[in-house]
Amino acid sequence: MPTPVLRNTTYRGFGLSLLTVLLFAGCSQQNDAFLNRTFHKLTARDNGWFNANEKLKEAVATIEDTHVDNYDEVVPLFVYGTEEEARRVAPDMEKCIDKCSLVIERHSMNIEGKEKNSWIDDAWFVIAKSQFYKRNYYEAERGFTYISRRFKGENRQIESLVWLARTAIQLDQYGKAQSALDQVTNEKKLPKKFDHGELSAVFAELALKRGKVDDAIVHLEAAIPNAERKKDRVRWAFALAQLYQLKGQEEDAIRQFAVVEKMNPPYEMAFHAQIFQALAFNRGDSKELRKKLNRMLRDDKHIDHFDMLHYAIADLDLKDRDDSAAISQLMISAQVSTTDQKQKAKSFLKLADLYFDDRAYAGAQQYYDSTQMLMAEDHTRIDEVKTRARVLGELVEQLAIIATEDSLQALASLDEKDLEKKIRSIIRERELDEAAKEQAEAEARELADSNPVQSKPPTPSGGGRGTWYFYDPQQIGRGMTNFKRKWGNRPLEDQWRRKDKSGSILAEEIEEEILEESAAKGEKKEDEWKDPAFYMKDIPKDDIALEASNSRLCGALYTSGMIYKEQLKDPDNAIESFEVLNNRFDECRYTPESFYQLYRIYLEKEETTNYFSPDGSGSQMYANVILDRWPDSEFARLVRDPNILQADEARKAQEELAYKEVYDRYRQYMYGSVIVSCNGVIENEPRNHFLAKYHMLRAMAIGGMRDNSGFRAALAEVRSKFPGTDEDRAAGELLAALDRTTGAPPTPPRDAGTKGNYTQGQGQHYFALIVPNSGTDMNAIKSTISSFNQANIASTPVEITSSFLDPQHQVVLLSFFESKAKAMEYYALFSRGNENLVGINDQGYPAFAISPDNYSQLYKSKDVGGYTTFFTENYLDRQ
């Protein structure tokens, strides 16, 4: 019996040995045998590629699920994530890259120039896609290009060409994207499972990037029925509706948004599909749309979007040419806004534009000012909004001066009895307002006490109508009606009780407003406004006070006229301002200028619109007045020879160049030469357009030569000769600073355009971080950066060193990145605010990519500011 046991043991050992031999034989990557191919295919697929691909899909799903669309723009056809999301998934993408790199290293069977393992192209594909979602587009481009060329005929070749096009689009390489897509369409036979919907959508994305909306529409119409995923089909259908609307195809847009609504999209997209149907409406009866919007207002699940619903109703009102109703709806939209600051900004902006178009500039200024506080800095109209808010703010300031001085002079003209009667009426009206305010506050407190549960907004639910007052559109509408009955159509603003003074210089009954404003300034003393003496303190009671009031009035009328003329391009209101000035004063500080501006306005009208005034109030009338009353003035000279104005502009351009040359010498510390040049201009060119700047530059040069007393005297001269100018303000600030210090002169300012001797290059680059010496643990910084690199760029070896740049700063240097593009990719990754770099990349330390030659220049010059400017202009601005 023992013999069989021995025999079985022998057979078992032989079998194990044979299996081991076969496994070792199968491990060979150079043997093109069935066993070898099977082993490497199974191991590549199941051990490495599968896990990496699943992690990649999870990361992409997370990016797509957390994406928030900006419905003010055409929604993206593909969701790639933000820089922040790319930073967040970067560690997972690195793991995918590492796993698939290991698969390629251990299981690639490149025999006689042909890959025998059919899963290797899949591994390369995961690597390229991982680089893509890391926003490392150049590496992704290299990966997809390699797959499309190396694995011709394999299952990933055509897909890689599509992704190559998607990558090229992100890099703004539209020609390369078109070439890749053409290669796909030129294929005689595409794979069975090829995603035709994706191909058409990529064509559409390329067309949109090129501004070819019509082509994008055609491609999207082909993509939607062929979409493999429902979420893609819904997204593309919504984008198609937006493009129809963009092209003015309102009926197609409304129809397409209705289609999207029936596709069971996510809530936000479904809601916007309904809103955009109203916004796309342009003709016919809006009754049904209004019913739909009002029905949505009764549903609490839309509570955070009530502002948008009122905005849509306002849009319908504007299309029905009911501006008053639209303004009311826009005000309600702003009032009921909860979390959507963008929508609130849109409502404010629409109100501002309506007031501006109606030349109600005071109301427009308030809404533009509110808009700029909410509007994103990258909004297409942000500069326009800021400019209008600033310009209208200056105008409103001048109108307030006009109103104040007019009303005070009107009060000064009353006899003592009438003045006392007027003041008593003002006090009585204020008392009534205060009583009404107290009553409203008491009612609100009583309501809150009796309904404690409703004292805060309810959370959205899927049920019926909201119960909190400010979320009930009918209650708000009723409140608005009562408000208007008492106060009229007042804009939503601070101090709303004050009347709107916009559009007219001489407003009637303005004295009440000014007295109320004067009372408001005295709120520190609770009952001060009840004292009649409080209202009389600013009334001009003698000739000197009246002359000062007239001077302020003259200046404000002229300044407001110039704002209308030059900045608002509103010649009608400009004419009104200048004519009021001329009719009000026989002669004041700005009378000649006022007549000249009227001459220029009417001359332009006559030359551009064939304007003719039957009463003779044209340019010639004002020219005659100027030549008669001020024959030796500069204005008379310009009337006699209008070409002088063009010559004056040419002279100003030459003077600007000369000033810049002197300023450049100042920046090079050539103080003596600068003083000589400035003195020459000051003595010999009294009409130089830059005379104030020469005075200021001379003062700065004197300060640079450590002449403290001379520096102070020169600054004082600037203030005395050029009051109200930028140079006056700057000199005042410097004198104040000198008073606070020992009188050390200022260091020369560095021009914002400094570039030094830096040159551009595409080759090897460092990444440099400038950190202060004091309070800095350099070893900790380098260790933190090293850990960050391991987590995010493990496949890119870099060396981290540090050295002293100057007594105050050290430079942390990462070397080398093989190209400028690689260094900029790292710069973007480093700058994104990774939590692993807290305390380093959030401290405002200068950081930049820099070539070896430029680093040598920087190290010699220590000019970090100069190179930072060069980096911004030549690296960041050109990306």
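Residues numbered from 1 in each chain as written. Predicted model: local features only at pLDDT ≥ 70, side-chain atom pairs only at ≥ 80, totals over all residues. Heavy atoms only, no water.

Engineer: Can you help me understand the overall build of the chain in this one?
Structural biologist: Assigned secondary structure in the chain consists of 35 helices and six strands. Among the 879 residues that make up the chain, the fraction classed as buried is 44%. When contacts within the chain are restricted to residue pairs at least 6 apart in sequence, those whose partners lie at least 24 apart make up 65%. When the accessible area of the chain is evaluated, it comes to approximately 46,500 Å², of which 50% is carbon and sulfur surface. (Helix = DSSP H or I, 4+ residues; strand = E, 2+ residues; numbered from the N terminus. Buried < 20%, exposed > 50% of the residue type's maximum accessible area, 1.4 Å probe, protein only. Contact = heavy atoms within 4.5 Å. Areas by Shrake-Rupley, 256 points an atom, 1.4 Å probe, with all protein chains shown as cover.)

Engineer: Could you clarify how one ought to interpret the environment of L408 in this entry?
Structural biologist: Its place among the elements puts L408 in helix α18 (residues 382-412). Separated by 133 residues in sequence, L408 and K541 have C-alpha atoms that sit 9.9 Å apart. Excluding its chain neighbours within four sequence positions, the residues that come into contact with L408 are D538, I539 and P540.

Engineer: Sorry if this is basic, but what is going on with the confidence of the model for the chain here?
Structural biologist: Atomic detail in the predicted coordinates should be set aside for any region of low pLDDT. Here the chain averages 80 in pLDDT, while 82% of its residues score no lower than 70. Note that pLDDT drops below 50 for residues 452-478; the model gives that stretch 43 contacts with residues more than four away or on any other chain. Here residues 742-755 scores under 50 on pLDDT; set against residues more than four positions off or in separate chains, the count is 30 contacts. (pLDDT = per-residue confidence, 0-100.)

Engineer: Sorry if this is basic, but what is going on with the packing of helix α29 (residues 691-704) against helix α31 (residues 726-740) here?
Structural biologist: The angle between the axes and the distance between the axes are what describe a pair of packed helices. Packing of α29 against α31 leaves a shortest axis separation of 10 Å and a crossing angle of 20 degrees. Viewed along their axes, α29 and α31 adopt a mutual orientation that is roughly parallel. In terms of crossing hand, the pair formed by α29 and α31 is left-handed. Along the contact surface, α29 presents A692, K693, M696 and M700, while α31 presents E727, A730, A731 and L734. By residue class, the composition of the contact of α29 with α31 is six nonpolar, no polar and two charged. (Axes fitted to C-alpha atoms, helices over the stretch in contact; angles between N-to-C directions. Parallel < 35°, antiparallel > 145°, perpendicular 65-115°, else oblique. Left-handed = near helix turned anticlockwise from the far one by under 90°. Nonpolar A, V, L, I, M, F, W, Y, C, P; charged D, E, K, R; others polar.)

Engineer: How should the pairing of strand β6 (residues 847-850) be read in this particular structure?
Structural biologist: Two faces belong to every sheet, and in a regular strand the side chains alternate between them. Every second residue of β6 is oriented toward a common face, with A847 and A849 on one face and F848 and I850 on the other, all of them buried. Pairing analysis gives four bridges linking strand β3 (residues 765-772) to β6, with the strands arranged antiparallel. Directly across from A768, in β6, lies its bridge partner F848. (Pairing = 2+ DSSP bridges.)

Engineer: Explain helix α10 (residues 230-246) to me, please; I cannot follow it from the model alone.
Structural biologist: An α-helix turns once every 3.6 residues. As a result, residues three or four positions apart point the same way. If you check α10, its first and last C-alpha atoms are 24 Å apart, about what 17 residues at 1.5 Å a residue would give, namely 24 Å. By the criterion of burial, α10 is predominantly enclosed, with twelve of the 17 residues buried. For α10, every residue scored as buried is listed here: D232, V234, R235, W236, A237, F238, A239, L240, A241, Q242, L243 and Y244. On its buried face, α10 sits against α8 (196-209), α9 (213-226), α11 (250-261) and α12 (267-280). At the exit of α10 stands G248, carrying a positive phi of roughly 80 degrees. (Expected span 1.5 Å × (residues − 1).)

Engineer: Would you take a moment to explain the sheet that holds strand β5 (residues 809-817) for this structure?
Structural biologist: Ordered in space as β4-β5-β3-β6, the four strands form an open sheet in which the pairing is antiparallel. The outermost strands of the open sheet, each flanked by one partner alone, are β4 (799-806) and β6. Strand-to-strand twist across the sheet, computed as the mean angle between neighbouring axes with direction ignored, equals 25 degrees. Set on the sheet, helix α33 (residues 820-831) makes contact with β3, β5 and β6; between it and β3 the angle comes to about 35 degrees.

Engineer: Sorry, what's going on with the state of the cysteines here?
Structural biologist: What makes a disulfide is a covalent bond joining the sulfur atoms belonging to two cysteines. Going through the model one piece at a time under the given rule, you end up with one disulfide. A disulfide-free cysteine, C96 has its sulfur positioned 6.8 Å from the sulfur of C100, the nearest such atom. Residue classification places C96 among the buried positions, given a relative accessible area of 1%. (Disulfide = S-S within 2.5 Å.)

Engineer: Just to check I follow, could you spell out a negative patch on the surface for this structure?
Structural biologist: There is a patch of like negative charges on the surface, built from D322, D323, D357 and D358. Along the chain, D358 falls in the loop between α16 (341-357) and α17 (361-374). Classification of D358 by relative accessible area gives exposed; the value is 61%. (Patch = residues over 30% accessible without salt bridge, like charges linked within 9 Å, V, L, I, M, F, W, Y side chains within 5 Å. Salt bridge = Lys/Arg side-chain N within 4 Å of Asp/Glu carboxyl O. Lys, Arg positive; Asp, Glu negative; His and termini not counted. Charge placed at Lys NZ, Arg CZ, Asp CG, Glu CD.)

Engineer: Help me understand the packing of aromatic side chains in this model?
Structural biologist: Inspection of the entire model under this criterion finds 52 aromatic pairs. Ring centres of Y80 and Y133 lie 6.5 Å apart, and the angle between their planes is 70 degrees; on these two criteria the pair is classed as edge-to-face. Of this pair, Y80 sits in the loop between α2 (34-66) and α3 (83-107) while Y133 is found in helix α4 (residues 120-133), placing the two residues 53 residues apart along the sequence. The interplanar angle of 35 degrees and the centroid separation of 5.2 Å between the aromatic rings of F817 and Y826 together place this pair among those described as tilted. Each member of the pair, F817 as well as Y826, is classed as buried. Taken together, the ring pairs connect F78, Y80, F125, F132, Y133, Y137, F144, W163 and W236 into an aromatic cluster. (Phe/Tyr/Trp six-rings, centres within 6.5 Å; stacked < 30°, edge-to-face > 60°.)

Engineer: Would you mind going over unusual backbone geometry with me for this structure?
Structural biologist: Residues apart from glycine generally show negative phi values, whereas peptide bonds are mostly found in trans. Here S815 and F816 are connected by a cis peptide whose omega angle stands at -20 degrees. Take F816: it is sitting in strand β5. Of note in the backbone geometry, R359 takes a positive phi value of approximately 60 degrees without being a glycine. Residue placement: R359 occurs in the loop between α16 and α17.

Engineer: Sorry if this is basic, but what is going on with the side chain of S819 here?
Structural biologist: Among the structural elements, S819 can be located in the loop between β5 and α33. On the basis of relative accessible area, S819 is assigned to the buried category, the value being 18%. Within the structure, S819 has its side chain in polar contact with the backbone nitrogen of K822 (distance 3.2 Å). Dropping the residues within four chain positions of it, S819 is found in contact with Q762, G763, Q764 and H765. (Polar contact = N/O pair within 3.5 Å; in protein donor to acceptor, adjacent residues only side chain to side chain.)

Engineer: How should α29 be read in this particular structure?
Structural biologist: Taking 1.5 Å per residue, 14 residues should reach 20 Å; α29 reaches 20 Å between its end C-alpha atoms and fits that length. Taking burial as the measure, the 14 residues of α29 include 13 buried ones, the bulk of the element. R706, located one to two residues past α29, shows a positive phi value of around 65 degrees.

Engineer: In this structure, what is going on with the pairing of β4? I would like to understand it.
Structural biologist: Bridging between β4 and β5 involves seven bridges; their strand directions are antiparallel. Pairing of T801 across the sheet is with L813, part of β5. Counting the residues between successive antiparallel strands, the hairpin from β4 to β5 contains two residues.

Engineer: When you look at the environment of T759 in this model, what are you seeing that I'm missing?
Structural biologist: For T759, the position within the fold is in the loop between α31 and β3. Separated by 98 residues in the primary sequence, T759 and Q857 place their C-alpha atoms 9.9 Å from one another. Ignoring anything within four residues of it in the chain, the contact list for T759 reads S851, N854 and F870.

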